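# Structural overview for review
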Amino acid sequence: MPLGLRAAPPSAGLPKASSDSCSTGQRAGRAFPAARRPGEGLQPLAPPPSCSHLSRPLTLPHSPSPSRAARVPRGWSREGWAGGGAGGEQRPGTPSPDLLVARSFGDKDLILPNGGTPAGASSPASSSSLLNRLQLDDDIDGETRDLFVTVDDPKKHVCTMETYITYRITTKSTRAEFDLPEYSVRRRYQDFDWLRSKLEESQPTHLIPPLPEKFVVKGVVDRFSEEFVETRRKALDKFLKRITDHPVLSFNEHFNVFLTAKDLNAYRKQGMALLTRVGESVKHVTGGYKLRSRPLEFAAIGEYLDTFALKLGTIDRIAQRIIKEEIDYLVELREYGPVYSTWSALEGELAEPLEGVSACIGNCSAALEELTDDMTEDFLPVLREYILYSDSMKSVLKKRDQVQAEYEAKLEAVALRKEDRPKVPADVEKCQDRVECFNADLKADMERWQNNKRQDFRQLLMGLADKNIQYYEKCLMAWESIIPLLQEKQEGK
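None of these values were measured; they are calculated from a predicted model.

### Re the overall build of the chain
- Each helix and strand counted, the chain has eleven helices and five strands in total.
- For the chain, the residues scored as buried account for 46% of the 493 residues in total.
- Accessible surface, the chain as shown: approximately 25,500 Å² in total, 54% of it carbon and sulfur.

Here it is in structure tokens:
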């Protein structure tokens, strides 16, 4: 049965990530700018507070610690952030780090700053139970936006050595770090790839949205065709909008350069010089020590991502087979319809009904072609984006595991010292800060990703139902239109 579907169209004062700072607004209590009317004053962003203020009682491996389940960062309570707004005022509505992903995983208090599980709390039983929690509701919190980015106007450039496509990036913003209210630059795919690499380097604790796949099979897909270029333009536009909507990535200095610099080559040549301390620490963690075991909540996330990617991969393969069968069926219909038209020239009384059948088949062919195009241009790209999204999330999980493995190795080294009360070295404290930052940022991004996924798949399934209904209605109307012609001929006899 043919399917039809269409997804609805989805510097100064810049905080920099480091090994001593958390970058999530939920955890650090940072203040984000609200939209301003023209003429209002611009207030610089408050940098995120340092993670070094977190309370960190030393817990040696395999040693009992009754207080571990109740340990939370200083300044936080089970009800929310106790002080971190302007002037240290109370923010009762801000969720604590322990509740960052509770809405996504069963509304249970599963999360601790150091990745533990409190006594008496249960983790998600299996990846299948998490997969079944997909809800089709609009629960993304409304946020006031002050940054708008669009990708449009693709142009083909033919040079001596290469041929490539550039896209116009238009940016409108009232943020203080932008000198002008509007920018317009042109970027090619490799510039987007540079941006994503820089975001991964400078924000290793965050989930970076995926780019559409660069390489295509030559001879199968023409990468300069109008359809392919438009599909890629939509994907690149969604990539930038994902970053724009992120409360941390949207303030990244590399993103600012990407949106505003007329010549990006000067920045691209800087290479590794702009790596932050967090990026360096993550890339050069100890490789000889393996993580003993991933905390239950992160193990559940990993299992969920594996199952989620497997299901989407299966749907993607089946959908591609359906498209191929629909294209073959479309070829047959286009040969089938004209036969009735040529036959009608040999008949007298049947000429009009035969022409009607030919027109009916032609209308069904047009409806099927539209259905196939919608599936190729709207349905498959969403599946592939989320398959790549799951790979990106797995990559962040792996980085988190590496940092925790480094922390555990250093902690064990302290435990083996022959001292009654060993002093916690500064590098161990910093390593624990990085683990806590990774945990908080990863949980916040997972919750945001789950919300986006619910919205995107809700729109995708609604488009699926809508295009199926439209397709069968068009076919029904086409076949019903020839019934009066046949009835008239029968009554004439």
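### A look at the packing of helix α4 (residues 226-244) against helix α9 (residues 351-415)
- Contact geometry of α4 with α9 gives a least axis separation of 11 Å together with a crossing angle of 45 degrees. Our classification of the angle between α4 and α9 gives oblique. Crossing angle aside, the handedness with which α4 passes α9 is right-handed. Facing α4, whose interface residues are Glu227, Thr231, Lys234, Lys238 and Arg242, α9 presents Glu377, Asp378, Pro381, Val382, Glu385, Tyr386 and Tyr389.

### Digging into the packing of aromatic side chains
- Under the criterion given, the structure shown has 15 aromatic pairs.
- Centre to centre, the rings of tyrosine 304 and phenylalanine 308 are 5.7 Å apart; their planes meet at 20 degrees, and the pair counts as stacked. Of the two residues, tyrosine 304 and phenylalanine 308 are both situated in helix α8 (residues 296-344); the distance of four residues between them amounts to about one turn of the helix.
- Both rings, one in tyrosine 386 and one in tryptophan 449, keep their centres 6.0 Å apart while their planes meet at 50 degrees; by these two values the pair is tilted. Here tryptophan 449 lies in helix α10 (residues 426-480) and tyrosine 386 lies in helix α9, a separation of 63 residues in the sequence.
- Since its relative accessible area comes to 0%, tyrosine 386 is described here as buried.
- Three or more aromatic residues joined by ring pairs make a cluster, and in this case those are Tyr304, Phe308, Tyr386, Tyr389, Trp449 and Phe457.
- For the cation-ring pair, arginine 175 lies above phenylalanine 251, with the distance from its terminal atom to the ring centre recorded as 3.9 Å.
- Sitting above the plane of the phenylalanine 258 ring, arginine 187 keeps its charged end 5.4 Å from the centroid.

### With respect to the pairing of strand β3 (residues 147-158)
- Pairing of β3 with strand β4 (residues 163-173) involves ten bridges; the strand directions are antiparallel. The partner of aspartate 152 across the bridge, within β4, is arginine 168.
- Joining the antiparallel neighbours β3 and β4 is a turn of four residues.

### Examining the environment of glutamate 213
- Among the secondary structure elements, glutamate 213 is positioned in the loop between α3 (189-202) and α4.
- The spatial distance from the C-alpha of glutamate 213 to the C-alpha of arginine 384 is 8.9 Å, given a sequence separation of 171 residues.

### A closer look at the nonpolar core
- Judged by nonpolar contacts, the single largest core of 34 residues is most densely connected at Leu305, Phe308, Leu312, Phe379, Tyr386, Trp449 and Phe457.
- With sequence-adjacent residues up to four places away left out, leucine 312 is seen in contact with Leu383, Tyr386, Ile387 and Phe457.
- In this structure, Tyr167, Phe178, Tyr189 and Ala261 belong to the second largest nonpolar core, which totals 28 residues.

### Overview of the packing of α8 against α10
- For the pair α8 and α10, the least separation of the axes is 12 Å and the interaxial angle reads 30 degrees. In terms of orientation, α8 and α10 fall into the roughly parallel class. Of the two elements, α8 crosses α10, and the hand of that crossing is left-handed. On α10, the residues touching Glu297, Phe298, Ile301, Tyr304, Leu305, Phe308 and Leu312 of α8 are Asn439, Leu442, Lys443, Met446, Trp449, Gln450, Lys453 and Phe457.
- A breakdown of the residues in the contact of α8 with α10 according to their chemical character gives ten nonpolar, two polar and three charged.

### Details of the pattern of salt bridges
- Within this structure, the stated rule accounts for 26 salt bridges.
- Across the salt bridge formed by arginine 242 and glutamate 385, the nearest N and O atoms sit 3.2 Å from each other. Remark: glutamate 385 occurs in helix α9 and arginine 242 occurs in helix α4; sequence separation between them is 143 residues.
- Of the residues examined, glutamate 385 reaches a relative accessible area of 12% and is grouped as buried.
- The shortest N-O distance in the salt bridge between arginine 434 and glutamate 406 comes to 3.1 Å. Of this pair, arginine 434 sits in helix α10 while glutamate 406 sits in helix α9, placing them 28 residues apart in sequence.
- Residue arginine 434 is classed as buried on the basis of its relative accessible area, which comes to 11%.

### Examining a negative patch on the surface
- On the surface, Asp222, Glu226, Glu227 and Asp373 cluster together into a negatively charged patch.
- Judged by relative accessible area, glutamate 227 falls into the partly exposed class, the value being 49%.

### Quick look at α3
- The end-to-end C-alpha distance of α3, which contains 14 residues, comes to 20 Å, matching closely the 20 Å that a straight helix rising 1.5 Å per residue would cover.
- Most of α3 is tucked away: ten of the 14 residues are buried.
- Buried within α3 are the following residues: Tyr189, Asp191, Phe192, Trp194, Leu195, Arg196, Lys198, Leu199, Glu201 and Ser202.

Reading guide: rules and limits
Residues numbered from 1 in each chain as written. Predicted model: local features only at pLDDT ≥ 70, side-chain atom pairs only at ≥ 80, totals over all residues. Heavy atoms only, no water. Helix = DSSP H or I, 4+ residues; strand = E, 2+ residues; numbered from the N terminus. Buried < 20%, exposed > 50% of the residue type's maximum accessible area, 1.4 Å probe, protein only. Areas by Shrake-Rupley, 256 points an atom, 1.4 Å probe, with all protein chains shown as cover. Axes fitted to C-alpha atoms, helices over the stretch in contact; angles between N-to-C directions. Parallel < 35°, antiparallel > 145°, perpendicular 65-115°, else oblique. Left-handed = near helix turned anticlockwise from the far one by under 90°. Contact = heavy atoms within 4.5 Å. Phe/Tyr/Trp six-rings, centres within 6.5 Å; stacked < 30°, edge-to-face > 60°. Lys NZ or Arg CZ within 6 Å of the ring centre and 35° of its normal. Pairing = 2+ DSSP bridges. Core = buried A, V, L, I, M, F, W, Y, C linked by side-chain atoms within 4.5 Å. Nonpolar A, V, L, I, M, F, W, Y, C, P; charged D, E, K, R; others polar. Salt bridge = Lys/Arg side-chain N within 4 Å of Asp/Glu carboxyl O. Patch = residues over 30% accessible without salt bridge, like charges linked within 9 Å, V, L, I, M, F, W, Y side chains within 5 Å. Lys, Arg positive; Asp, Glu negative; His and termini not counted. Charge placed at Lys NZ, Arg CZ, Asp CG, Glu CD. Expected span 1.5 Å × (residues − 1).

Geometry only, nothing functional implied.
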